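Notes for the structure review
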Amino acid sequence: MDAARFKRKLSRRVKSIITISLGHRKRVRSIRRAAKITQEDAAERAQLNAKYLGEIERGEKRPSFDAILVLAKALHAPPTALSQFDREETDEKTLRKKIETLVSKSTLEQLQ
(Lines give C-alpha, C1' and ligand atoms only; values in the text may rest on other atoms or scores of the structure.)
Protein backbone atom coordinates (compact mmCIF):
# COMPACT_ATOMS: atom_id res chain seq x y z
CA MET A 1 0.00 0.00 0.00
CA ASP A 2 1.47 3.35 -0.97
CA ALA A 3 1.78 6.22 1.50
CA ALA A 4 -1.02 8.34 0.02
CA ARG A 5 -3.50 5.45 0.08
CA PHE A 6 -2.51 4.54 3.63
CA LYS A 7 -3.00 8.15 4.77
CA ARG A 8 -6.44 8.33 3.13
CA LYS A 9 -7.47 5.06 4.75
CA LEU A 10 -6.23 6.21 8.16
CA SER A 11 -7.97 9.56 7.88
CA ARG A 12 -11.30 7.85 7.11
CA ARG A 13 -11.02 5.65 10.19
CA VAL A 14 -10.13 8.29 12.70
CA LYS A 15 -13.10 10.25 14.04
CA SER A 16 -11.31 12.91 16.05
CA ILE A 17 -7.85 14.30 16.53
CA ILE A 18 -5.53 12.55 18.96
CA THR A 19 -3.74 14.73 21.46
CA ILE A 20 -1.91 14.26 24.71
CA SER A 21 -3.85 15.77 27.55
CA LEU A 22 -2.22 17.48 30.47
CA GLY A 23 -4.78 15.66 32.61
CA HIS A 24 -3.53 12.32 31.29
CA ARG A 25 0.18 12.96 31.72
CA LYS A 26 0.31 10.13 34.24
CA ARG A 27 -0.52 7.71 31.42
CA VAL A 28 2.91 8.16 29.89
CA ARG A 29 4.63 7.55 33.21
CA SER A 30 2.46 4.58 34.18
CA ILE A 31 2.89 2.90 30.78
CA ARG A 32 6.64 3.47 30.94
CA ARG A 33 6.82 2.06 34.45
CA ALA A 34 4.61 -0.91 33.54
CA ALA A 35 7.06 -1.65 30.73
CA LYS A 36 9.84 -1.48 33.36
CA ILE A 37 11.73 1.11 31.34
CA THR A 38 13.58 3.99 32.96
CA GLN A 39 12.86 7.51 31.83
CA GLU A 40 16.36 7.74 30.38
CA ASP A 41 16.00 4.47 28.46
CA ALA A 42 12.59 5.46 27.12
CA ALA A 43 13.93 8.82 25.99
CA GLU A 44 16.92 7.17 24.32
CA ARG A 45 14.75 4.59 22.54
CA ALA A 46 12.42 7.34 21.33
CA GLN A 47 15.37 9.60 20.45
CA LEU A 48 13.95 12.29 22.71
CA ASN A 49 15.74 14.38 25.28
CA ALA A 50 15.31 12.83 28.75
CA LYS A 51 14.53 16.27 30.17
CA TYR A 52 11.76 16.70 27.59
CA LEU A 53 10.26 13.31 28.49
CA GLY A 54 10.30 14.33 32.15
CA GLU A 55 8.49 17.54 31.26
CA ILE A 56 5.87 15.53 29.37
CA GLU A 57 5.39 13.20 32.33
CA ARG A 58 5.01 16.15 34.70
CA GLY A 59 2.55 17.85 32.35
CA GLU A 60 4.82 20.81 31.70
CA LYS A 61 5.04 20.14 27.96
CA ARG A 62 2.68 18.86 25.32
CA PRO A 63 4.45 16.51 22.92
CA SER A 64 4.16 16.86 19.18
CA PHE A 65 2.35 14.26 17.13
CA ASP A 66 5.74 12.88 16.09
CA ALA A 67 6.85 12.62 19.72
CA ILE A 68 3.70 10.68 20.60
CA LEU A 69 4.40 8.22 17.79
CA VAL A 70 8.07 7.60 18.65
CA LEU A 71 7.34 7.44 22.37
CA ALA A 72 4.56 4.91 21.83
CA LYS A 73 6.90 2.79 19.72
CA ALA A 74 9.64 3.00 22.37
CA LEU A 75 7.18 1.90 25.06
CA HIS A 76 5.71 -0.86 22.88
CA ALA A 77 2.27 0.71 23.21
CA PRO A 78 -0.24 2.03 20.70
CA PRO A 79 -0.25 5.83 20.36
CA THR A 80 -3.85 5.88 21.57
CA ALA A 81 -2.68 4.52 24.93
CA LEU A 82 -0.74 7.76 25.43
CA SER A 83 -3.46 10.04 24.21
CA GLN A 84 -7.10 10.89 24.42
CA PHE A 85 -9.59 12.32 22.03
CA ASP A 86 -9.91 16.07 22.11
CA ARG A 87 -13.33 16.63 23.62
CA GLU A 88 -13.30 20.38 23.09
CA GLU A 89 -13.80 20.06 19.35
CA THR A 90 -17.14 18.58 18.34
CA ASP A 91 -17.54 19.61 14.72
CA GLU A 92 -16.76 16.52 12.65
CA LYS A 93 -15.74 18.53 9.58
CA THR A 94 -13.21 20.53 11.61
CA LEU A 95 -11.87 17.37 13.24
CA ARG A 96 -11.42 15.65 9.90
CA LYS A 97 -9.57 18.68 8.53
CA LYS A 98 -7.21 18.67 11.52
CA ILE A 99 -6.59 14.94 11.15
CA GLU A 100 -5.95 15.25 7.42
CA THR A 101 -3.45 18.03 8.10
CA LEU A 102 -1.59 15.92 10.66
CA VAL A 103 -1.65 12.80 8.51
CA SER A 104 -0.50 14.64 5.39
CA LYS A 105 2.58 15.89 7.25
CA SER A 106 3.48 12.41 8.52
CA THR A 107 5.64 9.85 6.78
CA LEU A 108 4.49 6.30 6.14
CA GLU A 109 6.92 5.10 8.82
CA GLN A 110 5.43 7.47 11.38
CA LEU A 111 1.92 6.28 10.60
CA GLN A 112 2.70 2.57 11.01
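In what follows, the accompanying structure is described. Model, not experiment: these values are computed from the prediction.

Quick word on the overall build of the protein
Counting its regular elements, the protein contains 7 helices and 2 strands. Going from N to C terminus, the protein has its helices and strands arranged as α-β-α-α-α-α-β-α-α. The buried share of the protein, taken over its 112 residues, is 36%. Pairs at least 24 apart in sequence give 70% of the contacts found in the protein among residues at least 6 apart.

Points about the packing of helix α3 (residues 39-46) against helix α5 (residues 65-74)
Running from N to C, α3 and α5 point in directions that differ by 120 degrees, and their axes come no closer than 8 Å. Relative to α5, α3 is oriented oblique. Seen from above, α3 lies across α5 with right-handed handedness. Across the interface between the two elements, Ala42, Arg45 and Ala46 from α3 touch Val70, Leu71 and Ala74 from α5. Within the contact of α3 with α5, the residues separate by chemical class into 5 nonpolar, no polar and 1 charged.

A word on unusual backbone geometry
Although it is not a glycine, Lys36 adopts a positive phi angle of roughly 55 degrees. Considering the arrangement of structural elements, one finds Lys36 in the loop between α2 (25-34) and α3. Of the residues examined, Lys36 reaches a relative accessible area of 78% and is grouped as exposed. Unlike most non-glycine residues, His76 shows phi in positive territory, near 55 degrees. In this structure, His76 sits in the loop between α5 and β2 (84-85).

A few points about the packing of α2 against helix α4 (residues 50-57)
In a packed pair of helices, the relevant descriptors are the angle between the two axes and the axis-to-axis distance. Two numbers describe how α2 lies on α4: the axes approach to 7 Å, and their chain directions differ by 120 degrees. For the element pair α2 / α4, the angle class is oblique. Two secondary-structure elements touch here, α2 through Arg25, Val28, Arg29 and Arg32 and α4 through Leu53, Ile56 and Glu57. Among the residues making up the contact of α2 with α4, the classes are represented as 3 nonpolar, no polar and 4 charged.

Concerning α3
Of the residues making up α3, those classed as buried are Gln39, Ala42, Ala43 and Ala46. All buried residues of α3 project into a common sector of 100 degrees when viewed along the axis, lining one side. Buried positions along α3 lie against α2, α4 and α5. Backbone geometry just after α3 places Gln47 at a positive phi near 55 degrees.

What counts, and at which threshold
- Residues numbered from 1 in each chain as written.
- Predicted model: local features only at pLDDT ≥ 70, side-chain atom pairs only at ≥ 80, totals over all residues.
- Heavy atoms only, no water.
- Helix = DSSP H or I, 4+ residues; strand = E, 2+ residues; numbered from the N terminus.
- Buried < 20%, exposed > 50% of the residue type's maximum accessible area, 1.4 Å probe, protein only.
- Contact = heavy atoms within 4.5 Å.
- Axes fitted to C-alpha atoms, helices over the stretch in contact; angles between N-to-C directions.
- Parallel < 35°, antiparallel > 145°, perpendicular 65-115°, else oblique.
- Left-handed = near helix turned anticlockwise from the far one by under 90°.
- Nonpolar A, V, L, I, M, F, W, Y, C, P; charged D, E, K, R; others polar.
- Arc of directions from axis to C-beta.

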